[in-house]
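# Tertiary structure, described
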Amino acid sequence: MKEERLNKSVLAMYDVRGIQDYIFRTNYVKEIIGASAMVENIILDGMKAMLAEKREWNKDCFLLDWEAELKYEETIFGNAEVQMQVLFIGGGNAYVLFKNGSVCKEVNRYLSKYVLEQTYSLQLAVAVVEYTGSYQQDYLNINEEMWKVKARMPKSMPLGAQPFMAADTATGYPLTKYHDGRYLSTESYRKRKKYEEIFHEDAEKILDNMVTEKGDSSMLAVVHIDGNNMGKRIKEIMEGKDDYLEAVRAMRTISVNIREGFQAAFWKMAEYIDQKLSDRIRADRKGKLYRKLILAGDDVTFICNALAAMDAVSVFLKSVGKRRMYEEAGLTEEENQKKYGFSACAGIAFFNSHFPFCDAYEVAEACCSNAKKRAKLDSSRDAAGNTGSFLDYQLCTHISAADLGAYRDKHYVSAEDGTSILMRPYYVKNPVLDGFSDMNRVNETYDLEILRRTVESFQKNMPRSHAKKMRDHCVIGKQAVEEYLTFVKSRKMPVPEANQAYWYDALEMMDFFLKDEEVQDETEDNAAE
């Protein structure tokens, strides 16, 4: 820190770099869950550890509980004893106001060391600017300074394994620990120890316990969900809010609403799985059909049984669509929903429980990005320019699927004319918007319910063996489909009324939508005939 700031009030911004890569840089669920728990509140955890260690500091002079007082009073300047105040934490960044730069310098040193000691390989980026009293100016300055810090910050990593050392295949780090019957790198060891501090179940069996029937149906799904246009909308809300009191109140409200909105949607989805799907998917109930991995603001990742994935994501996106980022005085409930309502996009990767998990996660991320591309198209927005909630999915049959665009260009095009045979991503209708937005209407072509109805029609009318052949004919081309349809009709099997554009998606998803018992019986009877 510059010497001239040591005796002045300063604003600091903290950002832990590379969290996503750190969490998923392994194929072991125990390590993923442990890493997620480790970094979830690492900056606040570090500040609490610092205050516990520095007994000469008065804890009452360091205000960490930023959520307790959403309205925010100018405590740091209204009380001569207060030295530090966390303004808010949002988007993975913490904004902290210090009355004295010398205290900020000590905190920065401690936190940088704490993050490294806890995680082994993560780095803390710190930006500090002089406090001016203008929120708009300080926010602009601190973000510009953080950009500069990251640009010149060396990406130093722990020493990798030397040629004569045994190495971790996922990270390249040397194996340094023997734990639980396995040699581990220091990073993996710390992730596992964190898991063991919090959970007591056998993590090695988490995936096996989540499948429908081991040895028969061992398919799972990893889901990645991300909010739409969060940064842009926050910027619009904060436009013109220069007073610190007003601005911090607004940012605290936004940060809490984002976190609570996405958390509420996750637990609504979890309740739906427990109450509506568990018995239908697996009657013996050996364990939960889902597992939370990341639930941080608008960034959500979880694993679930493959049969639960589509319904679970649909429930999540509909639930989060009922929430709002902000409420502006003078606007009606509908106007606030239209202007500040949430939407999100999801990516689902279906994979066998023994498929490399880190690769499956990359596919889920790629699917989420692809869903966002459709959501951002002008043709997908409503009249006010808002984006809706979309989902995309992919079956992981090969690790090259992580490069989603190239993989689909190679494997999901018609041999006849080279056009795509996919309709996905699909739109998840938000009933809350009916009456004051045309979002549902403009996206009706990609309505997820069309896919659901098409799948149900195939499940009811076509034996699985014929469905597989129909799917293969879709790849060949329209003429091949028509020829096979002639055969199917000769066997007096009804075909879906939906446009053939949806058929490949539906045929590929037949095993990942739950069947009604009567539909299952009918299909089995048809197969027997």
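Residues numbered from 1 in each chain as written. Predicted model: local features only at pLDDT ≥ 70, side-chain atom pairs only at ≥ 80, totals over all residues. Heavy atoms only, no water.

## Quick notes on the overall build of the chain
Put simply, the rule is: A run of DSSP states H or I qualifies as a helix once it reaches four residues; a run of E qualifies as a strand once it reaches two. Both are numbered from the N-terminal end. Computation of the radius of gyration draws on C-alpha atoms alone. For the globule rule, the value is 2.2 Å times the number of residues to the power 0.38. When accessible area is computed with a 1.4 Å probe and restricted to protein chains, residues below 20% of their type maximum are described as buried, those above 50% as exposed, and intermediate ones as partly exposed. Contact criterion: two residues are considered in contact whenever any of their non-hydrogen atoms come within 4.5 Å of each other. Accessible surface area values rest on a Shrake-Rupley calculation with a 1.4 Å probe, where residue burial reflects the displayed protein chains alone. The convention is simple: Lys and Arg are positive, Asp and Glu are negative, and His and the chain ends are not counted. In plain terms, the charge of a residue is placed at NZ if it is Lys, CZ if Arg, CG if Asp and CD if Glu.
Helices and strands together make up the secondary structure of the chain, namely 20 helices and 13 strands. For a compact globule of 529 residues, the expected C-alpha radius of gyration is about 24 Å, and the chain comes in at 26 Å, within 12% of that figure. C-alpha atoms of the chain, sized along the principal axes, occupy 85 × 65 × 45 Å. Taken across its 529 residues, the chain has 52% of its residues classed as buried. Within the chain, contacts between residues at least 6 apart in sequence are counted, and of these 69% link residues at least 24 apart. Total accessible area computed for the chain in this model is approximately 25,100 Å², and 47% of it derives from carbon and sulfur atoms. Side chains of the chain carry 72 positive and 83 negative charges; the gap between the two charge centres is 3 Å.

## Focus: the pairing of strand β5 (residues 123–130)
The cut-off we apply is this: For two strands to be treated as a pair, DSSP must find at least two bridges joining them.
Judged by how many residues are buried, β5 sits mostly within the fold: seven of eight residues are covered. Direction of pairing for strand β1 (residues 10–17) relative to β5: antiparallel, over a ladder of eight bridges. Of the residues in β5, the one forming a bridge with arginine 17 is glutamine 123.

## Things to note about the nonpolar core
Condition: Residues grouped as a nonpolar core are buried Ala, Val, Leu, Ile, Met, Phe, Trp, Tyr and Cys residues, joined through side-chain atoms within 4.5 Å.
Tyr14, Met47, Phe98, Met310, Phe316, Ile348 and Phe350 are the most contacted members of the largest nonpolar core, which totals 161 residues. Of the residues forming this core, the biggest block, 16 residues, is contributed by helix α10 (residues 244–281). Every residue in contact with methionine 310, bar those within four places of it in the chain, is listed here: Ile348, Phe350, Leu391, Tyr393, Leu448, Leu451, Met509, Phe512 and Phe513. Counting residues in hydrophobic clusters, the runner-up holds nine residues, among them Ala371, Ala375, Tyr427 and Leu433.

## Some words on the sheet that holds β5
The cut-off we apply is this: To obtain an axis, a line is fitted to C-alpha atoms, over the contacting stretch when the element is a helix, and the angle between two such axes runs from 0 to 180 degrees between their N-to-C directions.
What the five strands build is an open sheet, ordered β2-β3-β4-β1-β5; its pairing is mixed. A strand with exactly one partner marks an edge of an open sheet, and here the two such strands are β2 (62–63) and β5. This element, helix α5 (residues 101–119), spans β1, β2, β3 (84–90), β4 (93–98) and β5 of the sheet and lies at about 5° to β1.

## Side note on the environment of alanine 364
As for its placement among the helices and strands, alanine 364 is situated in helix α13 (residues 357–375). Relative accessible area serves as the criterion here: at 0%, alanine 364 is assigned to the buried category. When neighbours within four sequence positions are excluded, alanine 364 is seen to be in contact with Val222, His224, Gly347 and Ala349.

## Here's the deal with the confidence of the model for the chain
Applied cut-off: Per-residue confidence from the prediction method is given by pLDDT, with values spanning 0 to 100.
Per-residue pLDDT for the chain has a mean of 88; in total, 92% of the residues score no lower than 70. Mean pLDDT across the elements of the chain ranges from a minimum in helix α20 (residues 517–528), with 40, to a maximum in strand β13 (residues 426–427), with 98. Contacts of residues 517–529 to residues separated by more than four positions or lying in other chains number 14 contacts, the stretch itself having pLDDT below 50.

## Things to note about the sheet that holds β13
Strands sit in the order β9-β10-β8-β11-β12-β13 across an open sheet of six strands; the sheet is mixed. Looking along the sheet, the strands with just one partner apiece sit at the ends: β9 (290–296) and β13. As paired strands, strand β8 (residues 219–227) and strand β10 (residues 299–305) are joined by seven bridges and run antiparallel to one another. Directly across from valine 222, in β10, lies its bridge partner isoleucine 303. Together, β9 and β10 form the strand contacts of helix α2 (residues 29–39), whose direction differs from that of β9 by roughly 30°.

## Structural notes on the packing of aromatic side chains
So the rule is basically this: Two rings from Phe, Tyr or Trp (for Trp, the six-membered ring) form a pair when their centres are within 6.5 Å of each other. A pair whose planes differ by under 30 degrees is stacked, one over 60 is edge-to-face, and the rest are tilted. When the NZ atom of lysine or the CZ atom of arginine is within 6 Å of a ring's centre and also within 35 degrees of its normal, the charge is said to sit over that ring.
In this structure the tally under the stated criterion is 25 aromatic pairs. Seen from their ring centres, tryptophan 57 and phenylalanine 62 are 4.9 Å apart, and the 5° between their planes marks the pair as stacked. Phenylalanine 62 gets classed as buried once you look at its relative accessible area, which sits at 7%. Pairing tyrosine 120 with tyrosine 173 gives two aromatic rings, centres 5.6 Å apart and planes at 80°, and the pair type is edge-to-face. Taken together, the residues span a long stretch of sequence, with tyrosine 120 in the loop between α5 and β5 and tyrosine 173 in the loop between α6 (135–152) and β6 (175–179) at a distance of 53 residues. Considered together, tyrosine 120 and tyrosine 173 belong to a single accessibility category, that of buried residues. Over the ring of tyrosine 28 we find arginine 192; its NZ or CZ atom is 5.0 Å from the centre of that ring.

## Structural notes on the packing of α2 against helix α7 (residues 186–198)
Rule in force here: Each angle is binned into one of four classes, with values under 35 degrees roughly parallel, values over 145 roughly antiparallel, values of 65 to 115 roughly perpendicular, and all other values oblique. The nonpolar class holds Ala, Val, Leu, Ile, Met, Phe, Trp, Tyr, Cys and Pro. Asp, Glu, Lys and Arg form the charged class, and all remaining residues, Gly among them, are polar.
The interhelical angle for the contact between α2 and α7, taken along N-to-C directions, is 80°, at an axis separation of 7 Å. With respect to α7, the axis of α2 lies roughly perpendicular. Residues Lys30, Glu31, Ile33, Gly34, Ala35, Ala37 and Met38 of α2 pack against Ser188, Arg190, Lys191, Arg192, Lys194, Tyr195, Glu196 and Ile198 of α7. When its residues are assigned to classes, the contact of α2 with α7 shows six nonpolar, two polar and seven charged.

## Looking at the pairing of β6
Remember that side chains alternate between the two faces of the sheet whenever the strand is regular. Sheet topology places β6 next to strand β7 (residues 182–185); four bridges connect them, and they run antiparallel. Directly across from lysine 177, in β7, lies its bridge partner leucine 184. The antiparallel pairing of β6 with β7 creates a hairpin that spans two residues between the two strands, and aspartate 180 there sits at a positive phi of about 55°.

## A few points about helix α9 (residues 230–238)
This is how it is decided: It is the directions from the helix axis to the C-beta atoms whose arc is reported.
Of the positions making up α9, those classed as buried are Met230, Arg233, Ile234, Ile237 and Met238. Buried residues of α9, seen end-on, are gathered within an arc of 130° and therefore sit on one face of the element. Exposed and facing more than 90 degrees away from the buried side of α9 are Gly231, Lys232, Lys235 and Glu236. One or two steps after α9, the chain reaches glycine 240, where phi turns positive at roughly 85°.

## Section: a nonpolar patch on the surface
The test is simple: A patch is a set of surface residues, each over 30% in relative accessible area and not in a salt bridge, joined within 9 Å for like charges and within 5 Å for the nonpolar side chains Val, Leu, Ile, Met, Phe, Trp and Tyr. Every case where a carboxyl oxygen of Asp or Glu lies within 4 Å of a side-chain nitrogen of Lys or Arg is listed as a salt bridge.
Taken together, Leu175, Tyr178 and Tyr183 make up a surface patch of nonpolar side chains, about 360 Å² in accessible area. On the secondary structure map, tyrosine 178 appears in strand β6. Given the relative accessible area of 54%, tyrosine 178 is considered exposed.

## A few points about the side chain of serine 255
Position of serine 255 among the secondary structure elements: in helix α10. Those residues in contact with serine 255 that sit more than four places away from it in its chain are Trp66, Phe88, Ile89 and Gly90.

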